[in-house]
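Structural overview for review
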Amino acid sequence: ETKYNITELSPYTNYTISVLAFNTIGNSSVSEEIVHQTLEDVPSPPRNFMNVSSNSTAISLTWDPPAEHNGVLLYYIITFTYFDMNRNIVNETAVPTDQTETVLTVFAALTYSITIRANTSAGFGDPAENVLIITTPEDAPTPPEDVVLGMATPTSVVISWQPPVRPNGVLLGYQLTLVASAMEKSRRRRDVILLMPTPGIPLVMNVTSDTTSANITNLVPSTDNTLTVQGRTSAGLGDPVVFNFTTPETIPTAPQNFTVTNMSSTELLVTWDRPDPVGGILLTYELLYVQSDDASTMIRMNLTGVNYDDFNNIELTYIIKNLTINTLYNVSLSAYTSAGRGDIAEN
């Protein structure tokens, strides 16, 4: 027999081997020594694998190298498995062997099963003895999806949406916030006059998690609005989807405090205050007067050029002249916006 199989050696280890012969008389001299290295094998498991800290977006891990490398360690593989969006997901990340810590980027409100293995050229060794089971905390949700703002009417608007792609926890509901502009617009001829501002008051509406639309009413015509919708979990409100829109104009109400008094035998003094609400940009006033017993005497006047000052809230006036002496007249006044003629004040 001129060969022998040496067993139970250690992987990736240098051995010095020599041979001698012997018989009944004694041993021969030792042969020339040869040095041989055994092949690599898979490494033993990493040790002391643990979770240092975690939050809704990150998990910090540490470990110690394998007790037995059994070769040249190439890298570590961390495998993390989780169930998300109705499917089981397996992700792997490689970590260089000169590192014994790493941070995984994760999603909120999910449970992760995490293992670690090392490898050599012979392949992967067994994973660490312990499997880490970590549930990340809830976070605010991502914005609602497919948000659509319908066509606004003067006093309402409909908004619809779909749930967030990532609720990041148990979706408790949605918050809608409406903020109207602090100023109403009014116009006299070619000039634009702004009324005294009133503070914009946020209107907050909370709806349930199974709600995907809302009809927002009691809006002010001809007003700039900002509307937001955002999801909510126990961690708070998510990023909003924001819409800016302007409600259309509507017809104005009747001019207020409308009075008609005699100034002379042929003149009437007409006084009034602006409608409230105007319903948009005030374009003009229309004055009608007619003898009460003769409809053919009706006079229609556009009072765009009358002397009035809405900004300083001065009473509006107009003098009807050249009337017939000792005659009863019916007088009415209405205002106009782009939506049309408003309610009529009569005297």
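1. Brief notes about the sheet that holds strand S7 (residues 101-105)
On the basis of which strands lie adjacent, the open sheet formed by three strands has the order S3-S4-S7 and antiparallel pairing. Of all the strands in the sheet, just strand S3 (47-54) and S7 have a single pairing partner and so form its edges. Pairwise comparison of adjacent strand axes, ignoring direction, gives a mean angle of 25° for this sheet. Looking at chain direction, S3 and strand S4 (residues 58-64) are connected through five bridges and run antiparallel. Paired with Met50 across the bridge in S4 is Thr62.

2. Describing the sheet that holds strand S11 (residues 145-149)
If you walk across this open sheet you meet the three strands as S11-S12-S17, and the pairing is antiparallel. Bordering the open sheet on either side are S11 and strand S17 (213-216), each of which pairs with just one other strand. Adjacent strand axes in the sheet meet at a mean angle of 10° when their direction is disregarded. Bridging between S11 and strand S12 (residues 157-162) involves three bridges; their strand directions are antiparallel. From the neighbouring strand, Glu145 faces S12, where its bridge partner is Gln162.

3. A few points about the packing of aromatic side chains
On inspection of all chains with the given rule, the structure shows nine aromatic pairs. Geometrically, the ring pair formed by Trp63 and Tyr76 is edge-to-face, given 5.4 Å between the ring centres and 70° between the ring planes. Pair noted here: Trp63 is in strand S4 and Tyr76 is in strand S5 (residues 75-84), with a separation of 13 residues, a long-range link. For the pair formed by Trp63 and Tyr76, the shared burial category is buried. Three or more aromatic residues joined by ring pairs make a cluster, and in this case those are Phe80, Tyr82, Phe107 and Tyr112. Here the guanidinium or amino end of Arg117 rests over the ring plane of Phe124, the centre of that ring lying 4.5 Å away. Taking NZ or CZ as reference, Arg166 lies 3.6 Å from the ring centre of Phe107, over its face.

Definitions and cut-offs
Residues take numbers from 1 onward in each chain, read along the sequence in its written order. For this predicted model, a pLDDT threshold of at least 70 governs which residues receive local features, and a threshold of 80 or more governs which side-chain atom pairs are given and counted, while totals over whole chains, interfaces and linings are taken from all residues. For side-chain calculations, the full set of non-hydrogen atoms in the structure is used, while hydrogens and water are omitted. For two strands to be treated as a pair, DSSP must find at least two bridges joining them. Helix and strand assignments follow DSSP, with helices taken as H or I runs no shorter than four residues and strands as E runs no shorter than two, numbered in order from the N terminus. Between N-to-C directions, angles cover 0 to 180 degrees, with each direction set by a line fitted to C-alpha atoms, over the stretch in contact for helices. Two aromatic rings from Phe, Tyr or Trp, using only the six-membered ring of Trp, form a pair when their centres are within 6.5 Å; if the ring planes differ by under 30 degrees the pair is stacked, by over 60 it is edge-to-face, and anything between is tilted. Exposure classes here rest on a 1.4 Å probe applied to the protein chains alone. A residue is buried below 20% of its type maximum, exposed above 50%, and partly exposed in between. Either the NZ atom of lysine or the CZ atom of arginine qualifies as a charge over a ring when it sits within 6 Å of the ring centre and within 35 degrees of the ring normal.

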